[in-house]
Amino acid sequence: AEARKDQIIQGQKDQSSPTTSGLKNVTAVITEADSAGVKGYVQGVFEEGGTCTATATKGSQTITKTSSGFANVSYTQCAPINWDAPLSSGNWTINLAYKSASAQGNTNKTIEVK
């Protein structure tokens, strides 16, 4: 958990500069996350065709689903991502990541499923 916190902090520090791969660092934003799925968007990029990847983690359980990003007003919207089955009760860490030919970024949010 501590290593992941350090990664998040470093990612926030690096958001304004290009990555070593030459991709622009952008900010993924989770607008809704629950036992059914994830909704979000990406600040700092306005484009079609990127991939949004949502990962839910609780202990050794990991669930990953993807959707497409699309240009929406002034940012890139992720199509809603629905889990194949509802998440079980407990605390889950939700990661929303975005990657395209020109940009990448991610964010984490912890949710409690009752």
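Residues numbered from 1 in each chain as written. Predicted model: local features only at pLDDT ≥ 70, side-chain atom pairs only at ≥ 80, totals over all residues. Heavy atoms only, no water.

Q: Now, about the environment of T53: what can you tell me, with residues and values included?
A: Its place among the elements puts T53 in strand β4 (residues 51-58). Between the C-alpha atom of T53 and that of I81, which follows or precedes it by 28 residues, the distance is 8.3 Å. Those residues in contact with T53, other than ones at most four positions away along the chain, are T64, K65, T66, I81, N95, L96 and A97. (Helix = DSSP H or I, 4+ residues; strand = E, 2+ residues; numbered from the N terminus. Contact = heavy atoms within 4.5 Å.)

Q: Talk me through the pattern of salt bridges; I want residue IDs and the actual numbers.
A: Going through the model one piece at a time under the given rule, you end up with two salt bridges. Note that E32 is salt-bridged to K39, the shortest N-O span being 3.9 Å. Residue K39 is classed as partly exposed on the basis of its relative accessible area, which comes to 39%. For D84, the salt bridge identified is with K65, shortest N-O distance 2.9 Å. In this pair, D84 sits in the loop between β6 (75-82) and β7 (90-99) while K65 sits in strand β5 (residues 61-72), placing the two residues 19 residues apart along the sequence. Among the residues examined, D84 registers a relative accessible area of 70% and is labelled exposed. (Salt bridge = Lys/Arg side-chain N within 4 Å of Asp/Glu carboxyl O. Buried < 20%, exposed > 50% of the residue type's maximum accessible area, 1.4 Å probe, protein only.)

Q: Please give an account of the state of the cysteines that cites residues and values.
A: Following the criterion strictly, the structure yields one disulfide and no others. Covalent S-S linkage joins C52 and C78, the inter-sulfur distance amounting to 2.0 Å. On the sign convention where negative means left-handed, the S-S torsion of about -80° between C52 and C78 marks this disulfide as left-handed. One end of the pair, C52, is in strand β4; the other, C78, is in strand β6, with 26 residues separating them in the sequence. Overall, C78 belongs to the buried group, its relative accessible area being 2%. (Disulfide = S-S within 2.5 Å.)

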